[in-house]
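# Chain and residue survey
Letter by letter, the chains look like this.
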Amino acid sequence: MDKITALIVDDSSVMRKIVERSLRQAGIELEKVVEASNGAEALVALQSNKVDLILCDINMPVMDGLEFVRQAATMESAKGIPIVMITTEGSEAHVVQALTAGARGYIRKPFTPDQVKEHVLPVLGKKQ
Amino acid sequence: MTTDTSLVTRSREENWLPIIELAVEEVFEMMVGCRVKVAAPSENKPNEEFTAMVGLAGALCGILTVCCDAKTAGEIAKRMLGDTADSQEQAADALGEICNMIAGNFKNKLSGSGDRCMLSVPTVISGGEYTFHSLADGTCLETVLLFEGAPIAVRLQLES
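Notes on the structure in this doc start here. (Residues numbered from 1 in each chain as written. Chains lettered and ligands numbered in written order. Predicted model: local features only at pLDDT ≥ 70, side-chain atom pairs only at ≥ 80, totals over all residues.)

## Structural notes on the overall build of chain A
- When helices and strands are tallied, chain A shows five helices and five strands.
- Each helix and strand of chain A, placed in order from N terminus to C terminus, yields the pattern β-α-β-α-β-α-β-α-β-α.
- Against the 2.2 N^0.38 benchmark of 14 Å for 128 residues, chain A shows a C-alpha radius of gyration of 13 Å, consistent with a compact globule.
- With the C-alpha coordinates of chain A rotated into their principal frame, the extents come out at 35 × 30 × 25 Å.
- Taken over 128 residues, chain A has a buried fraction of 41%.
- Partitioning the contacts of chain A with sequence separation of at least 6, the portion at a separation of at least 24 is 64%. (Helix = DSSP H or I, 4+ residues; strand = E, 2+ residues; numbered from the N terminus. Rg over C-alpha atoms; globule rule 2.2 N^0.38 Å. Buried ≥ 20, exposed ≤ 12 C-beta atoms within 10 Å, placed from the backbone. Contact = placed C-beta atoms within 7 Å.)

## Structural notes on the packing of helix 1 (residues 13-25) of chain A against helix 5 (residues 113-120) of chain A
All names here are of chain A.
- The contact between helix 1 and helix 5 brings their axes to 8 Å, and the two run at 70°. Judged on the interaxial angle alone, helix 5 and helix 1 are roughly perpendicular. In contact with S22, L23 and Q25 of helix 1, helix 5 contributes P113, V116 and V120.
- Here the residues of the contact of helix 1 with helix 5 sort into four nonpolar, two polar and no charged. (Axes fitted to C-alpha atoms, helices over the stretch in contact; angles between N-to-C directions. Parallel < 35°, antiparallel > 145°, perpendicular 65-115°, else oblique. Nonpolar A, V, L, I, M, F, W, Y, C, P; charged D, E, K, R; others polar.)

## What about the interface of chain B and chain A?
- Contact residues are listed per partner, giving 21 residues for chain B and 21 residues for chain A.
- Those elements giving two or more residues to the side of chain B that touches chain A turn out to be helix 2 (17-32), helix 3 (70-81) and helix 4 (88-109) of chain B.
- If you tally residues by element for the side of chain B that touches chain A, the top one is helix 4 of chain B, at 11 residues.
- Grouping the amino acids of the side of chain B that touches chain A by side-chain chemistry returns 11 nonpolar, six polar and four charged.

## Here's the deal with the packing of helix 3 of chain B against helix 4 of chain B
Residues and elements named next belong to chain B.
- Two elements in contact, helix 3 and helix 4, have axes whose closest approach is 8 Å; the angle formed by their N-to-C orientations is 80°. The angle between the axes of helix 3 and helix 4 places the two elements in the roughly perpendicular class. For the pair helix 3 and helix 4, the contacting residues are A73, G74, I76, A77, M80 and L81 in the first and Q90, A91, A94, L95 and I98 in the second.
- In terms of residue class, the contact of helix 3 with helix 4 is built from nine nonpolar, two polar and no charged.

## So, the pairing of strand 3 (residues 53-56) of chain A
Residues and elements named next belong to chain A.
- Side chains L53 and L55 of strand 3 all project onto a buried face; the interleaved residues I54 and C56 project onto the opposite face, where all are buried too.
- With four bridges connecting them, strand 1 (residues 4-9) and strand 3 associate as parallel partners. Opposite L7, over in strand 3, you have I54 as the bridge partner.
- Of the strand pairs in this sheet, strand 3 and strand 4 (residues 83-87) are connected by three bridges, and their pairing is parallel. From the neighbouring strand, C56 faces strand 4, where its bridge partner is M85.
- The β-α-β motif built from strand 3, the intervening helix 3 (residues 65-72) and the parallel element strand 4 has right-handed crossover chirality. (Pairing = 2+ DSSP bridges. Right-handed = clockwise from strand over helix to strand, strands pointing away.)

Function cannot be read off these values alone, since they describe shape.
In structure tokens form, the structure reads like this:
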């Protein structure tokens, strides 16, 4: 399996570490992890990093995850990069908004590493 | 015949305590890797050196808080991050995220009103000398759970 670069977007540094660990536990080999604490930082990170996967929270200060997904959809540097939301917001409305904006997956917190595997591997084009 | 909707609402909210407790249990099991046990609030009061809070707005208005002592907050961070967790900032971050997930998990278990309720980003206060006052004047639901023997108080204070 090729190593990938993941962009993890969450205002909690603890959660960013947990998401990284969950990716590794899911068998995803990480070449590099880029971190951002809100959507605005994530947009900047996308301009200077070649990223293969984005995992993004919704409720964040400065710019929330849904706005990040909408803006990333207009960026050439984000074209084709799968975005999976990881968030406490579990309503159908939020899921629909995220998927309509361009997210390819949706994981509700709290989550298990198996749930990360189930939602992330398919968007990377890998079998579970 | 008139219907006392306030009675119906109060009765519904009082049934939420088991849902809160289940939400807490699931968060600790899935994200901290340990089981917590519901305890009698009157006999198990934590030394509230850390208070994490998340606001709720929309169909549900109020605030959910998670309180524990500093040692417990540090232990939670260590269990979430491994032994690399060694700062008060990480302890606060971990407790804030736990509070965030409890609020979200609770909200997601409510049919109807949970979908029309938004959460704030978490805030954490730490220290030895503070009193937390919420201006929410409705139902207050409180539970205490034991995390490796240490009490963690979870409160949901609702706006009437």
